[in-house]
Amino acid sequence: MASWAEFSRAASGTNLTEGTGGSVKFSVMAWSDGSSRGNPGPGGYGAVLRYVGPDGVAHERELSGGYRRTTNNRMELMGAIAALEALRRPCEVTMTTDSQYVVNAFEKGWLDGWQRRGWRTASKQPVKNVDLWQRLLAACEPHDVTWVWVKGHAGHAENERCDELATSAADGTELAEDVGFSE
């Protein structure tokens, strides 16, 4: 398996797609998941990014992190954010997650409505995790992202792998403070 640095330096081949305005973008498969040991409680996220070069060599990277006190939804968002922020150039990304919360926000237009209403839901309640939603929107900005939902704990290999990364991070001893979390 080639290194992620080699992926980052790659400049041509069948892995590229023609973007708008004649720009060329890499195609990347990404998976993410989050986990919390209590809600709130210690939590973690996991993400896997994969790109296959024109020579058929897979370039792959695993990402994970954990927080002392957080929620499952925050960790679901952090997994997606970590994956997208790891991409150093515009990409065509297929982002797969078992979080309907995250997928529906993009695919059902929830985010647009929340923003129009000043980060309030249709019932005028404040949207939770605004800090992470804004960060996720910024991370999506340079990319063409397609959101895909998979059922969690249903044997999807990459989703299970991300879940393992997330739970390991949540159970780890090197947990950070979740600076945006408040009860």
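Because the structure is predicted, anything quoted here is derived from the model rather than measured.

**Student:** How would you sum up the overall build of the chain? Please name residues and give values.
**Tutor:** A count of helical and extended segments in the chain gives 6 helices and 6 strands. Secondary structure elements in the chain, listed N-terminal to C-terminal, are α-β-β-β-β-α-β-α-α-α-β-α. Evaluated residue by residue, the chain yields a buried proportion of 46% over its 183 residues. For the chain, the exposed surface amounts to about 9200 Å²; the carbon and sulfur share of it is 48%.

**Student:** Report on the packing of helix H2 (residues 72-85) against helix H5 (residues 130-140), specifying residues and quantitative values.
**Tutor:** Their axes nearest at 9 Å, the elements H2 and H5 cross at an angle of 25°. In terms of orientation, H2 lies roughly parallel with respect to H5. Between H2 and H5 lies a crossing of left-handed hand. For the pair H2 and H5, the contacting residues are Arg74, Leu77, Met78, Ala80, Ile81, Leu84 and Glu85 in the first and Asp131, Leu132, Trp133, Arg135, Leu136, Ala139 and Cys140 in the second. Grouping the constituent residues of the contact of H2 with H5 by class yields 10 nonpolar, no polar and 4 charged.

**Student:** Explain the side chain of Asn129 to me, using residue names and the numbers behind them.
**Tutor:** In this fold, Asn129 is placed in the loop between helix H4 (110-116) and H5. Overall, Asn129 belongs to the buried group, its relative accessible area being 14%. Within the structure, Asn129 has its side chain in polar contact with the side chain of Arg74 (distance 3.0 Å). For Asn129, the contacting residues outside a window of four places in its chain are Asn73, Arg74, Leu77 and Tyr101.

**Student:** Can you tell me about the pairing of strand S3 (residues 41-52), naming the residues and giving the values?
**Tutor:** Counting buried positions along S3 gives 9 out of 12 residues, so the element sits mostly inside the fold. Where S3 and strand S4 (residues 58-70) come together, 11 bridges link them in antiparallel fashion. When the bridges of S4 are listed, Gly43 appears paired with Tyr67.

**Student:** Could you give me a rundown of the confidence of the model for the chain, with the residues and numbers involved?
**Tutor:** With 85% of its residues at a pLDDT of 70 or more, the chain has an overall mean of 87. Predicted confidence is poor over residues 10-20, with pLDDT under 50, and the contacts of this stretch with residues over four places away or in other chains come to 26 contacts.

**Student:** Report on helix H3 (residues 100-107), specifying residues and quantitative values.
**Tutor:** Within the sequence span of H3, burial applies to Tyr101, Val102, Val103, Asn104 and Ala105. On its buried face, H3 sits against H2, strand S5 (91-97), H4, H5 and strand S6 (144-149). Within two residues after H3, Gly109 carries a phi angle of roughly 80°, on the positive side.

**Student:** Could you give me a rundown of the nonpolar core, with the residues and numbers involved?
**Tutor:** Core analysis: the largest hydrophobic core is formed by 36 residues, its most contacted members being Leu49, Leu84, Met95, Trp133, Leu136 and Trp147. Looking at this core, the elements that each hand over two or more residues are strand S2 (24-36), S3, S4, H2, S5, H3, H4 and H5. No other element matches H2, which puts 8 residues into this core. Look past the residues within four positions of Leu136 in its chain and what remains in contact with it is Leu77, Ala80, Ile81, Leu84, Val102, Phe106 and Trp147.

**Student:** Give me the lowdown on the environment of Ala47, citing residues and values where you can.
**Tutor:** Mapping Ala47 onto the fold places it in strand S3. Remark: the alpha-carbon pair of Ala47 and Glu158, spanning 111 residues in sequence, is separated by 9.0 Å.

**Student:** Any chance you could break down the environment of Gly79 for me, citing the residues and the numbers?
**Tutor:** Tracing the sequence through the fold places Gly79 in helix H2. Sequence spacing of Gly79 and Ser64 is 15 residues, and the spatial spacing of their C-alpha atoms is 7.5 Å. Excluding its chain neighbours within four sequence positions, the residues that come into contact with Gly79 are Ser32, Asp33, Tyr45, Gly46 and Ala47.

Parameters at a glance
- Residues numbered from 1 in each chain as written.
- Predicted model: local features only at pLDDT ≥ 70, side-chain atom pairs only at ≥ 80, totals over all residues.
- Heavy atoms only, no water.
- Helix = DSSP H or I, 4+ residues; strand = E, 2+ residues; numbered from the N terminus.
- Buried < 20%, exposed > 50% of the residue type's maximum accessible area, 1.4 Å probe, protein only.
- Areas by Shrake-Rupley, 256 points an atom, 1.4 Å probe, with all protein chains shown as cover.
- Axes fitted to C-alpha atoms, helices over the stretch in contact; angles between N-to-C directions.
- Parallel < 35°, antiparallel > 145°, perpendicular 65-115°, else oblique.
- Left-handed = near helix turned anticlockwise from the far one by under 90°.
- Contact = heavy atoms within 4.5 Å.
- Nonpolar A, V, L, I, M, F, W, Y, C, P; charged D, E, K, R; others polar.
- Polar contact = N/O pair within 3.5 Å; in protein donor to acceptor, adjacent residues only side chain to side chain.
- Pairing = 2+ DSSP bridges.
- pLDDT = per-residue confidence, 0-100.
- Core = buried A, V, L, I, M, F, W, Y, C linked by side-chain atoms within 4.5 Å.

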